[in-house]
Amino acid sequence: MPTPVPAADVATTPVVVHHRYGPPSVLRADRRPLPVAGPGDVVVAVEAVAVSRAECAFRAADPPVARLATGLRRPRRPVLGGDVGGRVVQVGAGVAGLRTGDRVVAQTGITMGGYAGHVRVPAAAATPVPDGLDVRAAVAVVEGGSTALPFVRDHARVRPGTRLLVNGAAGAVGAAAVQLAAHLGAEVTGVCSTDHVDLVRSLGAVAVVDRTRTRLEDAGGPFDVVLDAVGTSSARRCRHLLAPRGVYLTTVPSLDVLVRTALRPLARGRSAAIAFTGLRPPAARAADVAELLALAGAGTVRGVVDRTWPLAQAAEAHAYVEAGHKAGTVLLLP
Ligand SMILES: NC(=O)c1ccc[n+]([C@@H]2O[C@H](COP(=O)([O-])OP(=O)(O)OC[C@H]3O[C@@H](n4cnc5c(N)ncnc54)[C@H](OP(=O)(O)O)[C@@H]3O)[C@@H](O)[C@H]2O)c1
């Protein structure tokens, strides 16, 4: 359904909407009335918003099961955008700890809404950006890191000396996983294509496997953990890379990993698992965002920004992201 055009005297903000599922061209520039901060909320003037692989999947309804979350017939939330950075411009009643002018990164969660000039978020979901840290870099750290941190810390249980292989090491999640694991003392091997070898090494990988020259099956090992950050492998393909009691983890669901997680573990004490980090409680996610921004503020992890587009060119950004070869994060700039 087309959005009613706001009356001329109503203050508006630019947005990008999609009212049906389909290719990137379903994304359209529009305007909406400026949001107003309710009790416990802040309004953020958006300076950068990440375009994630999940948002491309939501826009396309691919896989179709995504419709269970986003709306069976048409998108329930026409404005996408889950990881935003910008300045607080309105503070609702009862909000402590945030003031107008503060630079923040906010995760909007399932309500989305970040492909916009302004977005209203619960104050608890907005985390101040440390002085000296660029807002775009902060959004990039949070986009990849909010998935990578629970995988590396909680599921891989990385410790000093852990031998970790990251497949898809140049992507948003992979680039953050390499840095966080290296920071925790792991010996990280990254897998990527030739163009990204130098990047992955600079993020802290002690070894890099160029996937255009070496098959994943020949990546060496043994590894205590194989983390597939892009879902192009399988537990079966990687099982001989694992040390006894080694763990195969993936961010992307497949029949192989679902069956092995629930019913049929890999042989000799090895196991496989998937996790869905976006489903964790908001307080746990906010604590991780604060930790990631503190690490970024201290220079321990850095945000990798691939390309930026103006907000109105969201369709081009989506086409680029879903091609699957970005390094780190793609941003829209309202
Ligand atoms: N489970 C969860 O909670 C969760 C949360 C967030 C994201 N995800 C999912 O995780 C996946 C990755 O997200 P992302 O944002 O990190 O993706 P991304 O940034 O789009 O990943 C792109 C990277 O994948 C690499 N790549 C492409 N084809 C590859 C192949 N055949 N083998 C190895 N690497 C390949 C590319 O590097 P090279 O071309 O250099 O190899 C590129 O740098 C998405 O499917 C996303 O939906 C899951």
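Our subject is the structure listed above.
First, a word on scope: everything that follows refers to the structure included in this document.

Considering the pattern of salt bridges
- Following the criterion strictly, the structure yields eleven salt bridges and no others.
- R153 is paired through a salt bridge with D288; the nearest N and O atoms lie 3.0 Å apart. With R153 in helix 3 (residues 135-155) and D288 in helix 8 (residues 282-297), this residue pair connects regions lying 135 residues apart in the sequence.
- Judged by relative accessible area, which is 3%, D288 ranks as buried.
- E217 serves as the salt-bridge partner of R237, at 2.7 Å between the closest nitrogen and oxygen. Here E217 lies in the loop between strand 10 (207-210) and strand 11 (223-228) and R237 lies in helix 6 (residues 235-238), a separation of 20 residues in the sequence.
- Residues participating in the shared-partner salt-bridge network are R153, D154, R280, D288 and E291.

So, the packing of helix 3 against helix 8
- In contact at an axis separation of 9 Å, helix 3 and helix 8 are set at 115° when each is read in the N-to-C sense. Viewed along their axes, helix 3 and helix 8 form a crossing whose handedness is right-handed. Contacts between helix 3 and helix 8 involve A138, V141, V142, G145, S146, L149, P150 and R153 from the first element and D288, V289, E291, L292, L293 and A296 from the second.
- The residue inventory of the contact of helix 3 with helix 8, partitioned by class, reads nine nonpolar, two polar and three charged.

So, empty space enclosed by the protein
- This structure, assessed with the given rule, holds two cavities of 30 Å³ or more.
- Reported here for the largest cavity is a volume of approximately 60 Å³.
- The wall of the largest cavity is formed by A140, V141, G144, A172, A175, A176, Q179, R302, G303, V304, G328 and T329.
- When contributions to the lining of the largest cavity are tallied by element, the ones reaching two or more residues are helix 3 and helix 4 (172-183).
- Among the elements that line the lining of the largest cavity, the one with the most residues is helix 4, at four residues.
- Of the residues contributing to the lining of the largest cavity, the split by class is six nonpolar, five polar and one charged.
- Taken domain by domain, the lining of the largest cavity gets at least three of its residues from each of domain 1 (12-128 + 304-333) and domain 2 (144-278).
- Of the voids in this model, the second largest cavity is the one considered here, and its volume is about 40 Å³.
- As for the second largest cavity, its lining consists of V141, G145, A176, Q179, L180, L292, V301 and R302.
- At the level of secondary structure, the elements contributing two or more residues to the lining of the second largest cavity comprise helix 3 and helix 4.
- Per-element tally for the lining of the second largest cavity: the top contributor is helix 4, with three residues.

So, how was this worked out
Residues numbered from 1 in each chain as written. Predicted model: local features only at pLDDT ≥ 70, side-chain atom pairs only at ≥ 80, totals over all residues. Heavy atoms only, no water. Salt bridge = Lys/Arg side-chain N within 4 Å of Asp/Glu carboxyl O. Helix = DSSP H or I, 4+ residues; strand = E, 2+ residues; numbered from the N terminus. Buried < 20%, exposed > 50% of the residue type's maximum accessible area, 1.4 Å probe, protein only. Axes fitted to C-alpha atoms, helices over the stretch in contact; angles between N-to-C directions. Left-handed = near helix turned anticlockwise from the far one by under 90°. Contact = heavy atoms within 4.5 Å. Nonpolar A, V, L, I, M, F, W, Y, C, P; charged D, E, K, R; others polar. 1 Å grid on protein atoms, 1.4 Å probe; cavity = no way out; pocket = protein on both sides within 12 Å on 5 of 7 lines; lining within 4 Å. Points joined across faces, edges and corners; volume = space filled by probe spheres on them. Domains from an automatic or database assignment.

These figures come from the coordinates and say nothing about function on their own.
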